[in-house]
Amino acid sequence: MYNIPKFLSKAALVGLVQLCCAAGDAQASWNNPYPQSDHASNVFFSSFRERPKHLDPARSYSSDEYVFVAQIYEPPLQYHYLERPYMLVPLVSDGMPSIRYVDAAGQETLHDLPSGQVAYTVYEFRVKQGVRYQPHPALATRDDGRYRFHDLGPGDLGDIHSLADFGFNGTRELTAEDFVYQIKRIADPRRHSPISGLMAQYIVGFDELRSSLERTLEDTSSDSFVDLRDYTLTGAEVLDRHTYRIRIQGKYPQFLFWQAMPFFAPMPWEAEKFYSQPGMAARNITLDWYPVGTGPFYLAENNPNLRMVMRRNPYFRGEAFPADGSPDDIGLGLLADAGRIMPFVDRAVYSLEKESIPRWNKFLQGYFDDSGIGSDSFDQAVTFTGQGEAVLTENMSERGMSLSTSVETSTYYMGFNMLDDVIGGDGDSARKLRRAISIAVDFEEFISIFANGRGVAAQGPVPPGIFGARSGEAGINPYVYDWVDGRPVRKSLEDALGLMIEAGYAGGIDQSSGESLSLHFEAVSRGPDDKARLNWMRKQFKKLGIQLIVRSTDYNRFREKMLKGTGEIFFWGWNADYPDPENFLFLLYGPNAKAKHNGENASNYQNPQFDRLFMEVKNMDNGPQRQALIDEMVDVARRDAPWIWGFHPKKFSLHHGWVHNIKPNTMANNTLKYIRIDPQLREASTAAWNQPVLWPVWIAAGLLGLSLIPAVVSYRRRERVTAR
Amino acid sequence: MSAYLIRRILYAIPILIGVNLLTFVLFFVVNSPDDIARSQLGDRRVTEEAIQTWKKSHGYHKPVVLNDNEEGFGKITQTIFFEKSIRLFLFDFGQSDSGRDIGHDISQRMWPSLAIALPTLLLGVLLNITFALLIAFFRATYIDFWGVIICVILLSVSTLFYIIGGQFLFSKLLHLVPISGYDTGIDAFKFLILPVIIGIIGGIGTGTRWYRTIFLEEIEKDYVRTARAKGLREGRVLFRHVLRNALIPILTGIVVLLPLLFMGSLITESFFGIPGLGSYTIEGIQRQDFAIVRAMVFLGSVLYIVGLLLTDISYALVDPRVSLR
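Just so it is clear, the model here is predicted, and its values are computed rather than measured.

Calculation criteria
Residues numbered from 1 in each chain as written. Chains lettered and ligands numbered in written order. Predicted model: local features only at pLDDT ≥ 70, side-chain atom pairs only at ≥ 80, totals over all residues. Heavy atoms only, no water. Helix = DSSP H or I, 4+ residues; strand = E, 2+ residues; numbered from the N terminus. Rg over C-alpha atoms; globule rule 2.2 N^0.38 Å. Buried < 20%, exposed > 50% of the residue type's maximum accessible area, 1.4 Å probe, protein only. Contact = heavy atoms within 4.5 Å. Areas by Shrake-Rupley, 256 points an atom, 1.4 Å probe, with all protein chains shown as cover. Lys, Arg positive; Asp, Glu negative; His and termini not counted. Charge placed at Lys NZ, Arg CZ, Asp CG, Glu CD. Polar contact = N/O pair within 3.5 Å; in protein donor to acceptor, adjacent residues only side chain to side chain. Buried area = accessible area lost by both parts, 1.4 Å probe. Salt bridge = Lys/Arg side-chain N within 4 Å of Asp/Glu carboxyl O. Nonpolar A, V, L, I, M, F, W, Y, C, P; charged D, E, K, R; others polar. Core = buried A, V, L, I, M, F, W, Y, C linked by side-chain atoms within 4.5 Å. Domains from an automatic or database assignment. Pairing = 2+ DSSP bridges. Axes fitted to C-alpha atoms, helices over the stretch in contact; angles between N-to-C directions. Arc of directions from axis to C-beta. Phe/Tyr/Trp six-rings, centres within 6.5 Å; stacked < 30°, edge-to-face > 60°. Patch = residues over 30% accessible without salt bridge, like charges linked within 9 Å, V, L, I, M, F, W, Y side chains within 5 Å. pLDDT = per-residue confidence, 0-100.

Participant: Can you walk me through the overall build of chain A in this structure?
Facilitator: Along chain A, the regular secondary structure elements total 23 helices and 27 strands. A globule of 724 residues ought to have a C-alpha radius of gyration of about 27 Å, and chain A, at 30 Å, matches this closely. Among the 724 residues that make up chain A, the fraction classed as buried is 55%. Pairs at least 24 residues apart make up 71% of the contacts formed inside chain A by residues separated by at least 6 positions. Accessible area for chain A stands at about 30,400 Å²; split by element, carbon and sulfur atoms hold 51% of it. Looking at chain A, you have 77 positive and 88 negative side-chain charges, and the mean spots of the two groups are 6 Å apart.

Here it is in structure tokens:
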């Protein structure tokens, strides 16, 4: 470890020298957090707010983690970067997989069958040849072909603190077996994969493999290496070196979307063998922290407490920038790099920045290439035109910054617990009460006050941009909005009050008991900032004479109430896993009810018609027939109003003028490879923006010196007087 | 002295057990093992089976404090409390709930904390003593009056204000230092300047007032009067006699802080992006990672006890009238 006093004195000396050198260099920026040479290099600088929890693709399932995981691991498919609506295209799969359906009689067909007739669906993936893994010690071999670091003894890890300390790296070609190995890892109980339960419903033999592994693990240490190649998964088999097949129960078209997520990225068995050796976990050298992928980047520095650095993978096969996009993309210059080989940047440096103020200021200083916009900085960055369009403020535009906006594939809603005696249930009174509240709670105002206008009031569960969502008059919720002058206008309060009378709650008084109506809002209180939001909520209910009682609690208790179905009204949200209406409509599917089945249907809504339609829609391909059924489902849900449909948030992001090829893509996570930087422009801009200002320092020093004069005079005078 | 030390170390054991038990109770009042599992596994698509598997693999499947299904000692030993606690007393912190080795993390993160805390303490003490001596020298003059007022103002201002104000002034307006961040080795220096300066300024008010009180107390003593009567200059009286005698409370006050320097500062580290133990503790709390919280509370308690012990020893060393029995 360090010799601290020596280290500090050395650091102080070098720092002073650095400052002196920087003072002599007119172009140097003293506040540059990176080495000066880095800023002129082909490096992308950004930040991350939360330390990633897991980098194992079998387990990783949050956007904080995908920032890194998706650049390193490559699943078979990916989303097209420019095309909209979102479209799947091959990544390491050599073309899209072939799909065959098997009926109950065992007959295979390449033609689509109605879901009821499909016993199994078979996906056959052909893997691109010549794809190689990043350099990694797990793949390093000796001259005789044996793995160099697969049989480490107790003393071999003495000086090893990170992967770089091993000194030797190796690579090998990607094979079909690596994909099958990863699917088996999802079944491994030690990996705690969040999609294990879901995949068990579909992949043939998944449950059997999981049970078999559980039995094995009862007799072995949890850290020991279990070679999954020795275990059979009947639903995933290797056909040849570059072909594998997955067989799933029935028909599940969304399965292909999962193939674009890191869960299904290939994993070499050598990695598991390497990381399972004794002493590795005690040094935090685990597969959960040191990925092994085929992607355009590899993790060169893994310090989640400070900085994550990804470097260009020297064995990356190269991938051409997409050549097809919309006419708008051409106008925005997004096809300027069409056909050029990616990735464009050599390195990406992500610094941990937990607090919003330093993060924002570093972006303004040019030390982060991109940034989101916090509520505190919103007015500084964005202004709205008379037509309601968000544009950058003059100051930002002058600095060459750009703003990109997109409606996220997410929904935030206020849910009613349908199991509740007052607000829930299928009765006419409760339904009208819910509809009245849906009108009264003005989400346009909510978006304006609490989200700086960054959102679109929702008309149903499916966000714009996802198949099934309709625009214009056909897309409005007729129970809450009217179509007036070409735009949706929220129904009047009188309409809501009328519904209250019909529901038996005229003026907010329960006509049967004569008592005023009180409802309970289950709030997760995070601090004083929530007070304004909760007060606003109370006011919305007050419009109908309803007293809203806020039950603030922590997130654990809130979750418990949801699981038990004891909450009454709550606010929640959902981010899409994939761009398919099924991923939103399933939030209202009866058998997914949270209280009964621990599913994602938090309002415990159950409607036989909706559920029947869902089962049909779920397995259909997009087309007019599917659209018609979705329309019917959405209409049922709007009529029953289990949610106040809330809003779909809009993502606002900023980037500097030296960052190119930015197009918001809320589904794709592997977007770093598309980004191109102009390092010369960045260096010139940051140098101009960050020249040290020294005159206040000299003035302060002068004032301090002047203030000492009377003290010194007084001291001398005192020293001369005789004792009293 | 050795008997005294052994006795104090033995006293520490029930204190540490108590602290550990209290941490346990407080944490499990708010979080059940199911909550811990859910916070680690996330909210999406988590099945009950996955929760049970996670709890089993992380040792949270047993009763918290008392196991009614066991006999004899098993009632106590086959519990989460016993299994998680016993290793702590061997300083084996185990793995965090997210799977990282806590001992390794602590060994990595204590140095950045120390890199801020140590210069802040040493330079701060030096500056505070200088100011306090200056004010004591000019006692009952306008310098004393305004010095005290400035000290009261400085100690009334929140640390957060110093941090945000310092970042705004020195980094955003004057562009003199990076606004936040950290680096290893000698490159750390430019990142340490601002937090250290802010730490020193933030501590001037409290420190100067405290030291001033100590100096004024000493100045009233007979030996000072004697020194003056001998014709010594006021500066010599202050620096040679008053300062030396006042060092006893100052030194013992500092010694108690020394072990805790490793624990870092919660707010400063968070705002300046310093990967120290302060931000590690905050992360553990925010993520409901019980293993980290428990380890850090335990470590804090041990270091505090060590600090108190060192204080007693330093008393005996610097003041011959004190003996430890």
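Participant: Would you mind showing me how to read the side chain of Thr393(A) here?
Facilitator: All names here are of chain A. Mapped onto the elements, threonine 393 comes out in the loop between β16 (390–392) and α12 (394–398). In this structure the side chain of threonine 393 is engaged in a polar contact, spanning 2.8 Å, whose partner is the backbone oxygen of glutamine 380. When sequence neighbours within four positions are dropped, the list of residues in contact with threonine 393 reads Asp379, Gln380, Ala381, Val382 and Thr383.

Participant: So what exactly am I meant to see when it comes to the interface of chain B and chain A here?
Facilitator: Facing the 72 residues of chain B at the interface are 83 residues of chain A. Interface area for chain B against chain A, summed over the two sides, is near 6,700 Å², with a carbon-plus-sulfur share of 51%. Taken together, the links from chain B to chain A amount to seven salt bridges. Across the pair Asp183(B) and Arg307(A) runs a salt bridge, and its minimum N-O distance is 3.3 Å. On inspection of chain B and its partner chain A, the count reaches 30 residue pairs in polar contact (both at pLDDT 80 or more). The biggest single contributor to the side of chain B that touches chain A is helix α6 (residues 102–137) of chain B, with ten residues. Here the side of chain B that touches chain A is composed, by residue class, of 28 nonpolar, 23 polar and 21 charged.

Participant: Help me understand the nonpolar core, please; the structure alone is not making it clear to me.
Facilitator: Most often, soluble globular proteins keep nonpolar side chains buried together rather than apart. Residues Trp258(A) and Phe264(A) are the most contacted members of the largest nonpolar core, which totals 93 residues. For this core, the element with the most residues is helix α4 (residues 176–187) of chain A, which contributes seven residues. Residues contacting Phe264(A), with those up to four places away along its chain left out, are Pro75(A), Pro76(A), Phe179(A), Gln182(A), Ile183(A), Ile186(A), Ile195(A), Met199(A), Ile203(A), Phe255(A), Trp258(A) and Gln259(A). Residues Ala136(B), Val237(B), Leu243(B) and Leu299(B) belong to the second largest nonpolar core, which totals 48 residues.

Participant: It is not clear to me how the domain arrangement of chain A should be interpreted in this structure. Could you clarify?
Facilitator: Interface size is often expressed as the accessible area that is lost when the parts come together. Residues and elements named next belong to chain A. Here the domain parsing of chain A yields domain 1 (8–26 + 692–723), domain 2 (54–289) and domain 3 (410–651). Between domain 2 and domain 3, the contact holds 14 residues from the first and eleven residues from the second. Counting each side, the surface lost to burial between domain 2 and domain 3 is near 1,100 Å², with a carbon and sulfur contribution of 51%. Contact with domain 3 buries surface across domain 2, with Pro253, Gln254 and Phe257 losing the most and accounting together for 37% of the total. Where domain 2 touches domain 3, the interface holds zero salt bridges. For the interface between domain 2 and domain 3, the tally reads five residue pairs in polar contact (both at pLDDT 80 or more). When the residues that make up the side of domain 2 that touches domain 3 are grouped by side-chain class, the tally is ten nonpolar, two polar and two charged.

Participant: Can you help me understand the sheet that holds strand β10 (residues 307–312) of chain A in this one?
Facilitator: Paired through backbone hydrogen bonds, the strands of a sheet run either parallel or antiparallel to each other. Residues and elements named next belong to chain A. The mixed open sheet is built from four strands, whose spatial order is β1-β13-β10-β9. With one partner strand each, in any of the chains shown, β1 (43–48) and β9 (297–303) form the two edges of the open sheet. Taken pair by pair, the neighbouring strands of this sheet meet at an average axis angle of 20°, ignoring direction. The pairing of β1 with strand β13 (residues 347–352) spans six bridges and is classified as parallel. Bridging across to β13, valine 43 finds its partner in arginine 347.

Participant: Sorry if this is basic, but what is going on with the pattern of salt bridges here?
Facilitator: If the charged atoms of two oppositely charged side chains come close together, the side chains can form a pair. Inspection of every chain in the model, using the stated rule, returns 62 salt bridges over all chains. In this structure, the salt-bridge partner of Asp442(A) is Arg490(A), at a minimum N-O distance of 3.6 Å. Taken together, the residues Asp442(A) in the loop between α13 (428–440) and α14 (443–450) and Arg490(A) in strand β21 (residues 487–490) connect sequence positions 48 residues apart. Classification of Asp442(A) by relative accessible area gives buried; the value is 18%. Between Glu83(B) and Lys62(B) there is a salt bridge, with the nearest N and O atoms lying 2.6 Å from each other. Of this pair, Glu83(B) sits in helix α5 (residues 80–88) while Lys62(B) sits in the loop between α3 (48–57) and α4 (74–77), and the two are 21 residues apart along the sequence. Looking at Glu83(B), the relative accessible area reads 29%, which means it is partly exposed.

Participant: What is the right way to read α14(A) from this model?
Facilitator: Since one α-helical turn is 3.6 residues long, residues separated by three or four positions face the same way. Residue and element names in this part refer to chain A. What α14 keeps buried is the set Phe443, Phe446 and Ile447. For α14, the angular spread of the buried residues around the axis is 95°, confining them to a single face. Contacts from the buried residues of α14 go to β19 (455–457), β21, α16 (530–542), β24 (569–575) and β25 (643–655). Of the residues trailing α14, asparagine 452 is marked for its positive phi of about 50°.

Participant: How do you make sense of the pairing of β24(A) when you look at a structure like this?
Facilitator: Successive residues of a regular strand alternate their side chains across the two faces of the sheet. Residues and elements named next belong to chain A. Buried residues dominate β24, accounting for five of its seven residues. Pairing geometry for strand β18 (residues 410–416) and β24, over seven bridges, is antiparallel. Across the sheet, residue tyrosine 412 finds its bridge partner in β24, namely glycine 573. Note that strand β22 (residues 518–524) and β24 share two bridges and pair parallel. The residue of β24 that forms the bridge with phenylalanine 521 is isoleucine 569.

Participant: What is the right way to read the environment of Met280(A) from this model?
Facilitator: All names here are of chain A. Along the chain, the position of methionine 280 falls in the loop between α8 (269–275) and β9. For the pair methionine 280 and serine 162, spaced 118 residues apart in sequence, the C-alpha to C-alpha distance is 9.5 Å. Ignoring any residue separated from it by four or fewer positions in sequence, one finds methionine 280 in contact with Leu152, Leu157, Phe166, Phe274, Tyr275 and Ile285.

Participant: Just checking my understanding: could you explain the packing of aromatic side chains for this structure?
Facilitator: Think of a pair of aromatic rings as described by two things: how far the centres are apart, and how the planes are tilted against each other in angle. If you walk through the whole model with that rule in mind, you get 61 aromatic pairs over all chains. Ring geometry for Phe446(A) versus Phe571(A): centroids 5.9 Å apart, planes at 40°, classification tilted. Within this pair, whereas Phe446(A) is found in helix α14, its partner Phe571(A) is found in strand β24, the two being separated by 125 residues in sequence. Phe571(A) carries the same exposure label as Phe446(A), and that label is buried. Look at Phe145(B) and Trp146(B): their rings are 5.5 Å apart centre to centre, the planes differ by 85°, and that puts the pair in the edge-to-face class.

Participant: Explain the sheet that holds strand β6 (residues 118–126) of chain A to me, please; I cannot follow it from the model alone.
Facilitator: All names here are of chain A. Pairing is antiparallel in the open sheet, where five strands are placed in the order β5-β4-β6-β8-β7. In this open sheet, the two edge strands, each paired with only one partner strand, are β5 (108–109) and β7 (236–240). Relative to strand β8 (residues 243–249), β6 runs antiparallel, the two sharing seven bridges. Residue pairing across strands places glutamate 124 opposite arginine 245, the latter belonging to β8. Sheet contacts for α4: β7 and β8; angle to β7, the most-contacted strand, approximately 175°.

Participant: Looking at this structure, I do not really get a nonpolar patch on the surface. What am I missing?
Facilitator: Residues and elements named next belong to chain A. A contiguous nonpolar patch, built from Trp695, Val697, Trp698, Ile699, Leu703, Leu706, Ile709 and Val713 and spanning about 860 Å² of accessible area, is present on the exposed surface. Within the fold, tryptophan 698 resides in helix α23 (residues 695–720). Take tryptophan 698: its relative accessible area is 60%, and that puts it in the exposed class.

Participant: Hey, could you run me through a positive patch on the surface in this one?
Facilitator: A surface patch of positive charge is lined by Arg716(A), Arg717(A), Arg720(A) and Arg233(B). With respect to the helices and strands, the residue Arg233(B) is situated in the loop between α10 (222–229) and α11 (234–255). Owing to a relative accessible area of 56%, Arg233(B) belongs among the exposed residues under this scheme.

Participant: Please explain the environment of Met87(A) as it appears in this structure.
Facilitator: With respect to the secondary-structure elements, Met87(A) resides in the loop between β2 (77–79) and β3 (88–90). Beyond its immediate sequence surroundings of up to four residues, Met87(A) is in contact with Gln78(A), Tyr79(A) and His80(A).

Participant: Which parts of the structure should I look at to understand the side chain of Arg682(A)?
Facilitator: The topology assignment puts Arg682(A) in helix α22 (residues 679–689). Excluding anything up to four places from it in sequence, Arg682(A) contacts Asp38(A), His39(A), Ser41(A), Val43(A), Phe44(A), Phe45(A), Gly366(A), Asp369(A), Trp658(A) and Ile677(A).

Participant: Even after reading the chapter, I still don't get the confidence of the model for chain A, so can you show me in this structure?
Facilitator: Note: predicted coordinates in regions of low pLDDT should not be interpreted at a detailed level. The pLDDT averaged across chain A works out to 91; a share of 96% of its residues lies at or above 70. Every residue in residues 1–9 of chain A scores below 50 in pLDDT, and together they form eleven contacts with partners more than four places removed in sequence or on other chains.

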